Each structure stands twice: as structure tokens, then as C-alpha cells.
Amino acid sequence: MLVSFHSSCAVLVFICCYIILTATQGFVEKGDVIFLLDGSDSISDGEFLEQKRLIEHFIIQTDIGQDNVRVGAIVVSSDIGDTIEFSQSTNRNTLLKAVDALQQPQDGSRIDLGLNKLERLFFTSGRSNVPQIGIIVTDGRSKYPDASKGESEALKGVGIHL
């Protein structure tokens, strides 16, 4: 069961902003953030909608732009589903429309595949001079928990905050 996002939304936004502001030398209002959403069959339609609302709340509270905070998203199930690339972070409205269009596959839960995709997005289009943050939103039921743990450790090893 997912925790209620209504009360934790503001806390998550605060944590992300804190990491962005303090992860580098001094205060910098820049960063790359990727949300990894669980689109598996253990997530109800309402819970998936809450995951999308969480991202929307973050976008509304953040200074979005190519020179500021860029946001991406990955929906994962048995395979990689919809993806929002950093190139779509040109402005808040474009990004909000992209989040609204995310679809839930409702199949298995391969968080490990999502973490691998997250790493590739940071490697191919992430900025090396800003904090890179991955936010995993899941019910915690990965089909391959050891693979997910290995992927998350590898990401942390290259400096990506999870």
C-alpha cells in the first residue's frame, strides 16, 4: 500500500529543494530530477494518479527551465513505459501536460529496469555540474529486489542522490 501523498507531498518537495540547494558548493537553484513511477498492477488507478499529482505539485513549486531545475519521469512496469526527457523541461506548462499524459501499463514491477533507464537518462542528458536526484515512487514490491538494490547502489556510487 502506498502512503498518502497528500501529507507527504510538501515534505518531498522540501527534501528535493534542500538537496538541490545544498548538494553543491553554496546555494544553487539548479538540478536535474527524475521521478521513477511504479506503473505495475499492484498500483491502483487512484494511486497512479496520486503519483502523477506528486510530480505536478513538485513542478508547480519549482523554478522549471533548461537553466534551472529540469524534471524527467519514467513509468516502469514489466518494461519501461512512458518517459519524460529533460528536453521537455523547457517550461512548466509543457512539463505539466507531459505528466498528465503518462499512462500506467499495469503489469509486473521491474524497478531495476527503471533504475537502469534513470542512469542512462542522467548519463546521456543530465548536467554534470548540478545535483542529480532520482525519486522512486513505488509500493516496494519489485519483481527482482536484488537487481533493484544493485542498480540503486550503482547510481549512488556515481553521485546520483536517491
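Scroll up to find the structure.
Below or above, wherever it landed, is the structure these notes cover. (Residues numbered from 1 in each chain as written. Predicted model: local features only at pLDDT ≥ 70, side-chain atom pairs only at ≥ 80, totals over all residues. Heavy atoms only, no water.)

Some points on the sheet that holds strand β4 (residues 132-137)
Here is step 1: On the basis of which strands lie adjacent, the open sheet formed by 4 strands has the order β3-β2-β1-β4 and mixed pairing. Whereas interior strands pair on both sides, the edge strands pair on one side only; in this sheet they are β3 (80-84) and β4. The average undirected angle you get between the axes of adjacent strands in this sheet is 15 degrees.
Here is step 2: For strand β2 (residues 69-76) and β3, the ladder comprises 3 bridges, and the chain directions are antiparallel. If you follow Val 76 over to β3, its bridge partner there is Ile 80.
Here is step 3: Strands in contact with helix α2 (residues 45-60) are β1 (31-38), β2 and β4; relative to β1, the strand with the most contacts, it is inclined by about 170 degrees. (Pairing = 2+ DSSP bridges. Helix = DSSP H or I, 4+ residues; strand = E, 2+ residues; numbered from the N terminus. Axes fitted to C-alpha atoms, helices over the stretch in contact; angles between N-to-C directions. Contact = heavy atoms within 4.5 Å.)

Considering the packing of aromatic side chains
Here is step 1: Taken as a whole and assessed by the stated rule, the structure comprises 2 aromatic pairs.
Here is step 2: Where Phe 35 meets Phe 58, the ring centres are 5.5 Å apart and the plane angle is 65 degrees; that geometry is what we call edge-to-face. One end of the pair, Phe 35, is in strand β1; the other, Phe 58, is in helix α2, with 23 residues separating them in the sequence.
Here is step 3: Take Phe 35: its relative accessible area is 0%, and that puts it in the buried class. (Phe/Tyr/Trp six-rings, centres within 6.5 Å; stacked < 30°, edge-to-face > 60°. Buried < 20%, exposed > 50% of the residue type's maximum accessible area, 1.4 Å probe, protein only.)

Some details on the environment of Ser 148
Here is step 1: Position of Ser 148 relative to the elements: it lies in helix α5 (residues 145-157).
Here is step 2: Judged by relative accessible area, which is 9%, Ser 148 ranks as buried.
Here is step 3: If we ignore the near neighbours within four places in the chain, the residues touching Ser 148 are Ile 111, Asp 112, Leu 115 and Ser 142.

A short note on the packing of α2 against helix α3 (residues 92-100)
Here is step 1: Between α2 and α3, the shortest axis-to-axis distance is 10 Å and the interhelical angle comes to 175 degrees. Between α2 and α3, the crossing angle belongs to the class labelled roughly antiparallel. Contacts from Lys 52, Arg 53, Ile 55, Glu 56, Ile 59 and Ile 60 in α2 reach Arg 92, Leu 95, Leu 96, Val 99 and Asp 100 in α3.
Here is step 2: A per-class count over the contact of α2 with α3 returns 6 nonpolar, no polar and 5 charged. (Parallel < 35°, antiparallel > 145°, perpendicular 65-115°, else oblique. Nonpolar A, V, L, I, M, F, W, Y, C, P; charged D, E, K, R; others polar.)

Digging into the pattern of salt bridges
Here is step 1: Applying the stated criterion across every chain, the model contains 4 salt bridges.
Here is step 2: A salt bridge links Arg 70 to Asp 32; its shortest N-O distance comes to 2.9 Å. Of this pair, Arg 70 sits in strand β2 while Asp 32 is found in strand β1, placing the two residues 38 residues apart along the sequence.
Here is step 3: In this structure Asp 32 comes out as buried when scored by relative accessible area, which is 0%.
Here is step 4: The residue Glu 56 makes a salt bridge to Arg 53 at a minimum N-O spacing of 2.7 Å. In this pair, Glu 56 and Arg 53 both sit in helix α2, 3 residues apart, roughly one turn of the helix. (Salt bridge = Lys/Arg side-chain N within 4 Å of Asp/Glu carboxyl O.)

A word on the packing of helix α4 (residues 111-125) against α5
Here is step 1: Closest axis-to-axis distance for the α4/α5 pair is 8 Å, and the angle between their directions is 20 degrees. With respect to α5, the axis of α4 lies roughly parallel. In this structure, α4 crosses over α5, and the sense of that crossing is left-handed. Here Ile 111, Asp 112, Leu 115, Asn 116, Leu 118 and Glu 119 of α4 come into contact with α5, specifically with Ala 147, Ser 148, Glu 151, Ser 152 and Leu 155.
Here is step 2: Here the contact of α4 with α5 is built from residues that sort into 5 nonpolar, 3 polar and 3 charged. (Left-handed = near helix turned anticlockwise from the far one by under 90°.)

Function cannot be inferred from these measures alone, as they are strictly geometric.
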